[in-house]
Every structure is written in structure tokens, then in C-alpha cells.
Amino acid sequence: AGLLFAGFRKVLEVDRGFTTKGVLTGEVSLPSAGYADAEAFGHFTREAVGRIRNLPGVKAAGATDSLPLGNSASASAILAEGYKARPGESLLAPAEVRISDGYFEAIGTKLVAGRFFTERDAAGATRAIIVDDRLARRFWPDRNPIGRRMYRPSDQVDDPAAITQNTEFYTVVGVVSEMKLRNLTDGDKLVGAYFIPLSQEPQGGLTFVLRTDGDPGTLSGALRREVAAIDPQLPVFEMQPMSYWSNRSLASRCSPALLSIR
């Protein structure tokens with residue numbers, strides 16, 4: 001029991017890379033009937049985030065397609081231009097997350113270098129990307145990542161790392177501190193994460209993130225009203241404080257510790 005509680009306490013002390021205090025989350029899923037393409041997804045995201053950001057009491061707001069500890073983080077291979085793989089090293093598949101401008105500010109993630117996404121990272125602008133410090137150390141251990149280029153591997157050629165005339169590059173504009181995306185104990189299993197602007201790769205499934213100085217639950221009604229003002233038929237579900245997701249991720253550790261004292 002003592003070992004279980006010691007391990008549980010250690011997990012509680014893990015740096016999440018984001019804050020839970022004063023943060024409210026709420027999800028929407030845009031139906032294909034009313035949102036036929038990426039342009040429609042992008043228009044809704046811009047309008048919704050703009051409305052939510054201007055609500056009384058909201059200090060910062062943004063959106064993401066993958067909330068930390070929400071069991072939705074996916075991994076996708078990506079390469080850094082000029083990176084030489086180690087002998088026997090396979091393609092790196094960090095966590096891939098799409099976010100709006102304002103998201104990092106809302107969830108309290110620290111900027112290590114460069115900048116966060118802004119309105120300048122629009123659909124027609126140079127493709128931007130932000131990496132966490134774990135991935136930055138892997139690809140550029142002795143260099144400044146800002147301004148470096150990254151690209152996704154191709155399945156159309158024998159060498160997936162090859163650069164072709166169809167290769168699309170992403171320019172690194174920022175580095176953020178590592179976030180616990182899947183749970184509070186799996187950091188060593190990941191090779192890092194990268195973030196892409198929702199404005200450049202819009203998605204139909206979104207989670208809004210709002211930060212306030214007070215009780216985040218007081219913003220629930222306002223969040224629903226702002227979404228309904230855009231689309232009255234669109235429900236907001238999983239309306240939860242960020243602390244809910246953090247506590248839920250601890251359930252697998254908490255249960256054995258409690259059973260051990262019975």
C-alpha cells in the first residue's frame with residue numbers, strides 16, 4: 001500500500017504542461033449536412049472562437065481537435081528537413097494536434113522559443129508548425145528550431161523521407177513545453193508532439209477551451225449560447241472543467257491505491 005501511494009503521489013507531482021485551474025472545455029461535431037468542406041469548418045471555427053473569446057470573464061480561448069488527456073491524441077510521422085536518421089531508426093511518429101490561435105494561452109502551455117499561432121497563420125499563408133521541446137531536442141539537439149522546415153513522409157516513392165516536387169513544407173514558428181497528451185505517465189513512450197493551425201487544416205470535430213479567473217462552470221451557459229447563435233441545431237457536449245479530464249486520467253492509479261487499504 002505504501003508503494004502504491006508513493007507512486008500515486010509521484011504521478012500527482014508530474015508537470016502536465018498545461019493548467020487545469022479555471023479552464024472549461026466543450027466539444028462540437030460539425031455534421032456533413034451543413035458543413036460540407038474544410039472551408040465551412042474553418043469559417044465556423046473562426047466565428048465561434050471569436051465569439052467565445054469576447055465573452056465577459058473569458059481571459060483566453062481557443063479550439064483543438066485533440067484535448068490533452070481526452071484519449072483522442074493520434075500519432076503521425078513527420079520529418080525535419082536535413083535530419084539524418086540514426087542507424088536502424090524508423091520514422092518518428094509524434095502526437096499530431098491541430099489548434100487555433102489562442103489555444104495555448106487558454107490552456108496555459110508555456111512558450112519556450114519563437115511565438116504562438118496568430119491570425120497571420122491563415123489558410124493562404126506559409127504553412128506553420130509548432131513543436132514541443134521534446135521533439136525539438138530530437139530533431140535539432142544543437143540548433144535553433146525556429147525557421148527550420150518539416151514535412152510529412154511520402155508513400156508515393158520508395159524512400160518515404162525523400163523530398164519531391166509535391167512535398168509540402170511546414171515552417172517552425174514556435175517551441176512549447178511538453179504536454180501530457182495521453183495520460184500523466186506515458187511521456188517516455190512518446191517522441192514529442194507537433195501542432196498545426198486549424199486555420200490551415202480545418203477539422204469538423206472541435207473542443208473549445210476557455211480560461212477564466214473564477215469557476216469555469218459559470219461559462220457553460222454562455223458557451224452554449226454562442227454556439228447556438230451560429231448554429232441553433234449544433235449541441236455542445238462533454239462540457240467539463242479541465243480538472244475532470246486530469247482526474248479521469250488518474251483513475252487507473254487511484255483505484256488500486258484505494259483497494260490496497262481495504
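About the thresholds
Residues numbered from 1 in each chain as written. Predicted model: local features only at pLDDT ≥ 70, side-chain atom pairs only at ≥ 80, totals over all residues. Heavy atoms only, no water. Core = buried A, V, L, I, M, F, W, Y, C linked by side-chain atoms within 4.5 Å. Buried < 20%, exposed > 50% of the residue type's maximum accessible area, 1.4 Å probe, protein only. Helix = DSSP H or I, 4+ residues; strand = E, 2+ residues; numbered from the N terminus. Contact = heavy atoms within 4.5 Å. Salt bridge = Lys/Arg side-chain N within 4 Å of Asp/Glu carboxyl O. Pairing = 2+ DSSP bridges. Phe/Tyr/Trp six-rings, centres within 6.5 Å; stacked < 30°, edge-to-face > 60°. Lys NZ or Arg CZ within 6 Å of the ring centre and 35° of its normal.

**Let's talk about the nonpolar core**
Grouped together as the largest cluster of nonpolar side chains are 28 residues, with contacts concentrated most on Phe104, Met179 and Phe195. When residues of this core are traced back to their parent elements, those giving at least two are β5 (95-99), α3 (103-107), β7 (128-132), β9 (169-176), β10 (193-197) and α6 (242-249). Residue contributions to this core peak at four residues, all from α3. Those residues in contact with Phe195, other than ones at most four positions away along the chain, are Val97, Ile99, Phe104, Phe117, Ala128, Ile129, Ile130, Val176 and Met179. One finds Leu24, Phe44, Ile52 and Ala63 within the second-largest nonpolar core, a separate group that totals 24 residues.

**Some words on unusual backbone geometry**
Peptide bonds are trans in most cases, and residues, glycine excluded, mostly fall at negative phi. In the Ramachandran plot, Glu238 falls in the positive-phi region, its phi being about 50° despite a non-glycine side chain. By secondary structure assignment, the location of Glu238 is in strand β12 (residues 237-241).

**Digging into the pattern of salt bridges**
A full pass over the atoms with the stated rule returns 15 salt bridges. Across the salt bridge formed by Asp213 and Lys59, the nearest N and O atoms sit 3.5 Å from each other. Of this pair, Asp213 sits in the loop between β11 (205-212) and α5 (220-230) while Lys59 sits in strand β2 (residues 58-64), placing them 154 residues apart in sequence. Residue Asp213 shares its accessibility class with Lys59, and that shared class is exposed. Across the pair Arg127 and Glu168 runs a salt bridge, and its minimum N-O distance is 3.8 Å. Linking Arg127 in the loop between β6 (111-114) and β7 with Glu168 in the loop between β8 (149-151) and β9, this pair joins segments that are 41 residues apart in sequence. By relative accessible area, which is 45% here, Glu168 ends up partly exposed. Among the charged side chains, a network of salt bridges with common partners joins Asp65, Glu96, Arg98, Arg127, Arg152, Glu168 and Glu201.

**A short note on the pairing of β7**
Most of β7 is tucked away: five of the five residues are buried. Pairing of β7 with β9, which is carried by five bridges, proceeds in the parallel orientation. Bridging across to β9, Asp132 finds its partner in Val176. Inspection of the sheet shows β7 paired to β10 by two bridges, in the antiparallel sense. Its bridge partner lying in β10, Val131 is registered against Tyr194.

**Observations regarding the pairing of β2**
In terms of burial, β2 is largely enclosed, as six of its seven residues are buried. Where β2 meets β11, six bridges bridge the pair, whose relative direction is antiparallel. When the bridges of β11 are listed, Ala61 appears paired with Leu210.

**Some details on the packing of aromatic side chains**
The relation between two aromatic rings is expressed through the spacing of the ring centres and the mutual angle of the planes. What the rule picks out here adds up to nine aromatic pairs. Where Tyr151 meets Phe169, the ring centres are 5.7 Å apart and the plane angle is 65°; that geometry is what we call edge-to-face. Taken together, the residues span a long stretch of sequence, with Tyr151 in strand β8 and Phe169 in strand β9 at a distance of 18 residues. The structure contains a cluster of three or more aromatic residues connected by ring pairs, namely Tyr103, Phe104, Phe116 and Phe195. In this structure, Arg149 packs its charged tip against the face of Phe169, placed 3.7 Å from the ring centre.

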